[in-house]
Amino acid sequence: MKIAVAGTGYVGLVTGVALAHIGHHVTCVDIDEIKIKKMQEGISPIYEEGLEELMHLNKERLTYTTDYKKAYSKADVIFIGVGTPEKEDGSANLTYLYAVLDQIRESVTKDTVVVIKSTVPIGTNDEVEKYLNEKVSGLKISIVSNPEFLAQGTAVHDTLYATRIVVGVEDDYAKKIMTKLYKPLTKEPYNVPFLVMDRKSAEMVKYASNDFLALKISYINEIANFCEAIGADISLVTKGMSYDSRIGNKFLNPGIGYGGSCFPKDTKALHFLSKEYGCEMKTLKATIEINKNQKLVLINKLEKVFPNLHGLTIGVLGLTFKPGTDDLREAPSIDNIKYLLKQGVIIKAYDPIGIDNFKRILAMDKTLTNHLNNITYYNNIDDTITNTDAVMIMTEWKEIKEYSLENYIKLMKTPYIFDGRNCYSLDNINKYNLYYNSIGRKIIEKNIIK
Ligand SMILES: NC(=O)c1ccc[n+]([C@@H]2O[C@H](COP(=O)([O-])OP(=O)(O)OC[C@H]3O[C@@H](n4cnc5c(N)ncnc54)[C@H](O)[C@@H]3O)[C@@H](O)[C@H]2O)c1
């Protein structure tokens, strides 16, 4: 089949490459010329394990272009994977989606199936169908909701070996095309379950799934905070919980809150929509509030030990919102580092792949202009923590989890570790003379002279 994909971000590019991998001819379209040029040279503009290799492997079936007219006019199916960020009131901003729809309206010359992969509020697909068919006379444009469930960091695997493909359709033609398009993924070796339903239900599956995961994170973070107050250990608590198969062992790691491009905006968007329909989801309201506070719990812990932060040198380990990605959107490190810089702290920051994106984000904040000289970036942990007064761990990168505890003692001025991701077991920590404050567990403090 001939496919066009609008948007070459984490969802669009991975979708396009995966569809080429199962035999389709795919044209990836973006408005960003720099990204397109990179891809034409065989370079992935985003970091996802295995993505660049798959781009090379399927290069005969992949084209990258900014020429949307040519791409959309030739395609049997057009996937849309552009961003749907949040507006100030929490609702979804559909500007990028409608810009693509206008480009499709200008371009199509035959019956076409348009598939919305972007996460959009329930009911959007119906509105899009009206919007497109009003202006495109004499042609049938079918709209399909096909929400994406990949997680950044494992996006390629999550697409080829998806937990499920959900397809929301309202006509038989679209159902037939989507069944044919995805057939290779429903067979060996992928065996992905293929679910067909109405469009509104498909749209809701996406929000209900993401928001449930966000709720699970906020719930366990609240339990962790309570464990600290009451003297229980969250690691033992979650272990005990996980034996119940109804609960499972995933998404039970406490930390400094969720970030990324999805959970924050998707919780807000569904909360906004539920209020509009007169059935406010109170679980989501609480999830959002808990997460906002959780992002700063490490600072609270730090300030209890160092009431005056001015002039301290702090090492920050990990900047991205989670390991395995270069994405910084809504990462807790941003709020934390901005706060510390404004308090007059000298920051030494480490991340294996997120530094360039982080620099761009800080540079956009004009209130930080006078503080940017106070942050230095490193590509190794040793240099980052040398001569620091304290270290804060923001992302559980493998490199950080495997880093020797002895080095903190050797290299820091005083080994004060504030771990927002519980990277180390307390049994291991107990072998060393250091201060260690993590999430939902007791503080370890042995032979520390401040
Ligand atoms: N990132 C994730 O983990 C994830 C997972 C599931 C669903 N989603 C959803 O998928 C959507 C896309 O997310 P993302 O993270 O891939 O976004 P992204 O910001 O990484 O990429 C969006 C891309 O669209 C391009 N674009 C904007 N307007 C365009 C146009 N008119 N034509 C062509 N390209 C255009 C941008 O230049 C950018 O490259 C969002 O709705 C998101 O909620 C994301």
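All of these numbers come straight from a predicted model, not from anything done at the bench. (Residues numbered from 1 in each chain as written. Predicted model: local features only at pLDDT ≥ 70, side-chain atom pairs only at ≥ 80, totals over all residues. Heavy atoms only, no water.)

(A) Representation of the layout of surface pockets within the structure. Looking at the second largest pocket, its volume works out to about 340 Å³. For the second largest pocket, the lining is made up of 17 residues, of which Glu228, Lys301, Asn437, Arg441 and Ile443 are closest to its centre. No other element matches the five residues that helix H13 (residues 297–305) contributes to the lining of the second largest pocket. Grouping the constituent residues of the lining of the second largest pocket by class yields seven nonpolar, four polar and six charged. Per-domain counts for the lining of the second largest pocket show at least three residues from each of domain 2 (206–293) and domain 3 (295–445). (1 Å grid on protein atoms, 1.4 Å probe; cavity = no way out; pocket = protein on both sides within 12 Å on 5 of 7 lines; lining within 4 Å. Points joined across faces, edges and corners; volume = space filled by probe spheres on them. Helix = DSSP H or I, 4+ residues; strand = E, 2+ residues; numbered from the N terminus. Nonpolar A, V, L, I, M, F, W, Y, C, P; charged D, E, K, R; others polar. Domains from an automatic or database assignment.)

(B) Structural context of the domain arrangement of the chain. Annotation of the chain at the domain level lists domain 1 (2–197), domain 2 (206–293) and domain 3 (295–445). Here the C-alpha centre of domain 3 lies 37 Å away from the C-alpha centre of domain 1. With seven residues of domain 1 at the contact, the number on the domain 3 side is nine residues. Of the roughly 600 Å² buried between domain 1 and domain 3 on both sides combined, carbon and sulfur atoms contribute 42%. The largest per-residue losses of area from domain 1 upon contact with domain 3 belong to Tyr10, Tyr47 and Gln152, which jointly make up 76% of the total buried on that side. Where domain 1 meets domain 3, there are zero salt bridges. Between the two partners, domain 1 and domain 3, sit five residue pairs in polar contact (both at pLDDT 80 or more). (Contact = heavy atoms within 4.5 Å. Buried area = accessible area lost by both parts, 1.4 Å probe. Salt bridge = Lys/Arg side-chain N within 4 Å of Asp/Glu carboxyl O. Polar contact = N/O pair within 3.5 Å; in protein donor to acceptor, adjacent residues only side chain to side chain.)

(C) How the structure looks around the side chain of arginine 105. With respect to the helices and strands, arginine 105 occurs in helix H5 (residues 95–107). Within the structure, the side chain of arginine 105 is placed 2.7 Å from the backbone oxygen of tyrosine 131, a separation counted as a polar contact.

(D) Seen up close, empty space enclosed by the protein. For the structure shown, the criterion picks out one cavity of 30 Å³ or more. Its boundaries defined by the atoms lining it, the largest cavity holds a volume of some 40 Å³. For the largest cavity, the full set of lining residues is Ile116, Ser118, Thr119, Val120, Ser145, Pro147, Glu203, Lys206 and Tyr207. No other element matches the three residues that helix H9 (residues 199–230) contributes to the lining of the largest cavity. Partitioned by chemical class, the residues of the lining of the largest cavity number four nonpolar, three polar and two charged.

(E) Representation of the pattern of salt bridges within the structure. Considering all chains together, one arrives at 17 salt bridges under this definition. Between arginine 105 and aspartate 102 there is a salt bridge; the shortest N-O distance is 3.7 Å. In this pair, arginine 105 and aspartate 102 are both assigned in helix H5, three residues apart and thus about one turn of the helix distant. Assessed through its relative accessible area of 19%, arginine 105 is described here as buried. (Buried < 20%, exposed > 50% of the residue type's maximum accessible area, 1.4 Å probe, protein only.)

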